Amino acid sequence: MANLQSLFKDTAIYGLSSIIGRFLNYMLVPLYTIKMSAASGEYSVITNIYAWVALLLVLLTYGMETTFFRYANKQGENAEKVYSTTLWTVGTTSLLFIVLSLLFMQPIADLLHYHDHPEYVGVMFTCVAIDAFQCIPFAYLRYQKRPIKFAALKLLFIFLNIGLNCIYYLGMDGHDAKTALFINLFCTSIITFFFWKELRGFKHGFNSGLLKRMLSYSWPILILGIAGVLNQTADKILFPYLYKAADMKEQLAIYGAVFKIAMIMAMITQAFRYAYEPIVFGKDKDKDSKEYYAAAMKFFIIFTLLAFLCVVAYMDIIKHLIGSDYWVGLRVVPIVMAAEIMMGIYFNLSFWYKLIDKTIWGAIFSGIGCVVLFAVNILFVPRYGYIACAWGGFAAYATSMVLSYVVGQRYYPIKYPLGDIALYVGLTIMAFVVMVIVRGSLPLWLSLVVNTLFILLFMVVVIKRDLPLANIPVIGKRFKKIKD
């Protein structure tokens, strides 16, 4: 229970910074979608470029973030030497990437269909290389259980980014996507200076033998990461090559904007991961570790399903986060959110092969999921557009999730509470169907009331079955006093 309380506390801190940060970043979405109309296609640049950035970030960290946690907690290894070796390695490859991307900026821009704007490549490739390097000191903060500094730096970047965007798009009445990219580079560069204490880790030197052992562990994670990020971004990367209609940029812009609404699931999963990953590797030796993993999985699913219902219930309010000419794409939000839930479950399931040092399984599962994604996109995007992108992600994550569970039960069996999970999934499906029906048949105020009642019903079931008020910190004390 103490470990679960630690997980909840750290998840709350990481989640607060992540959710607040993502929410504040959402404020850029209405700004961008108002200043850049769907028809102009300018927002498609941001959608496409950032999809490439996500893929490159995985390539440039090549699994060393997770590998750092594994080796820093491994018996017989010096945690500081592990950290310094990781710093030197990722720092060197990031610097090399910047040099190469600047040397071949125009050919890369031609390949990505940005013939007239090679500066897009130079700016964002430099930015992603700095981001990749920063992942290591950020991981070190997590290893040291320092969520406050972690959250503070994440929020500082966001406030800087939003402030400068507001100055340009509101104060200076800007309308282009290029400036947003330059602002991102500036803010990312500034954050590096706040790691001056963590960067002292360079002094512990570089160990080539240690690096060889780490790379043998990390390369399957790299494959896993590539497949995983392609599951999230391949649709936005492939879309310009597959959808040949005249309104391609407009359609990609719409999909990119509504996709942002569904990213609340990514926030929750990311916050959970930041807190969960260091605890899992540290708890591997405990006798009750499997019971802990099972309980953590159940609570993750409960809270992501609750988040799903909240977004669906208040979609008519949330949709104002984007410009009205993008609302036509809102139908994909529930599909993308369901896919993100399965991605989170897959992430939780993935620890079995990391703990037994068989990360190749992750590469296999994610690779198969990636093949499914590519197949759905290639077959159906040319005809159905971005709706096929959403279903492609759903199919990919569902495939990876099921495969990881089935194989994991053979090599590292965990008794997940499948009955409880099925109950909450069934309750969510029922509530979702009702919400969809009432949205089109009742006045807005009445449909919001009905939706709220279903959310309250879900919460009551959770409290009655799995989260008694008396066991919740602070609230539990007051509850006991009232009861007494």
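As the structure is a computational prediction, the values presented were derived from the model and not from experiment. (Residues numbered from 1 in each chain as written. Predicted model: local features only at pLDDT ≥ 70, side-chain atom pairs only at ≥ 80, totals over all residues. Heavy atoms only, no water.)

Turning next to the pattern of salt bridges. Per the counting criterion, the structure on display carries 10 salt bridges. A salt bridge links R142 to E65; the shortest N-O distance between them is 2.8 Å. One end of the pair, R142, is in helix α7 (residues 118–143); the other, E65, is in helix α4 (residues 64–72), and 77 residues separate them in sequence. A residue is classified by how much of its surface remains accessible, and E65, at 14% relative accessible area, is buried. In this structure, the salt-bridge partner of E198 is K149, at a minimum N-O distance of 2.9 Å. With E198 in the loop between α9 (178–192) and α10 (208–242) and K149 in helix α8 (residues 147–171), this residue pair connects regions lying 49 residues apart in the sequence. Connected through salt bridges with shared partners, the residues K298, D420, R465 and D466 form a single ionic network. (Salt bridge = Lys/Arg side-chain N within 4 Å of Asp/Glu carboxyl O. Helix = DSSP H or I, 4+ residues; strand = E, 2+ residues; numbered from the N terminus. Buried < 20%, exposed > 50% of the residue type's maximum accessible area, 1.4 Å probe, protein only.)

What follows is about the side chain of Q134. Among the structural elements, Q134 can be located in helix α7. Owing to a relative accessible area of 5%, Q134 belongs among the buried residues under this scheme. Of the polar contacts made by the side chain of Q134, one reaches the backbone oxygen of T188; its length is 2.8 Å. If we skip the residues at most four places from it in the chain, Q134 touches T188, I191, T192 and F195. (Polar contact = N/O pair within 3.5 Å; in protein donor to acceptor, adjacent residues only side chain to side chain. Contact = heavy atoms within 4.5 Å.)

The next point concerns the nonpolar core. Membership of the largest hydrophobic core comes to 158 residues, with the highest contact counts inside it found for V333 and F458. Not counting residues within four places of it along the chain, the set of residues in contact with V333 comprises V258, I261, A262, V311 and M315. (Core = buried A, V, L, I, M, F, W, Y, C linked by side-chain atoms within 4.5 Å.)

To continue, consider the packing of aromatic side chains. Within the structure shown, the criterion is met by 29 aromatic pairs. On the numbers, 5.6 Å between centres and 70 degrees between planes, the contact of F68 with Y143 is edge-to-face. In this pair, F68 is assigned in helix α4 and Y143 in helix α7, connecting sequence segments 75 residues apart. Look at F68 and you get buried, because its relative accessible area is 1%. Note on Y143: relative accessible area 25%, which makes it partly exposed. Each ring, one from Y71 and one from Y217, has its centre 6.1 Å from the other, and the planes form 80 degrees; the classification is edge-to-face. (Phe/Tyr/Trp six-rings, centres within 6.5 Å; stacked < 30°, edge-to-face > 60°.)

Moving on to the packing of α7 against α9. At a minimum axis distance of 9 Å, the contact between α7 and α9 shows a crossing angle of 30 degrees. Considering the angle they form, α7 stands roughly parallel to α9. In this structure, α7 crosses over α9, and the sense of that crossing is left-handed. Here E119, Y120, V123, M124, T126, C127, I130, D131, Q134 and F138 of α7 come into contact with α9, specifically with K178, L181, F182, N184, L185, T188, S189, I191 and T192. When its residues are assigned to classes, the contact of α7 with α9 shows 10 nonpolar, 6 polar and 3 charged. (Axes fitted to C-alpha atoms, helices over the stretch in contact; angles between N-to-C directions. Parallel < 35°, antiparallel > 145°, perpendicular 65-115°, else oblique. Left-handed = near helix turned anticlockwise from the far one by under 90°. Nonpolar A, V, L, I, M, F, W, Y, C, P; charged D, E, K, R; others polar.)

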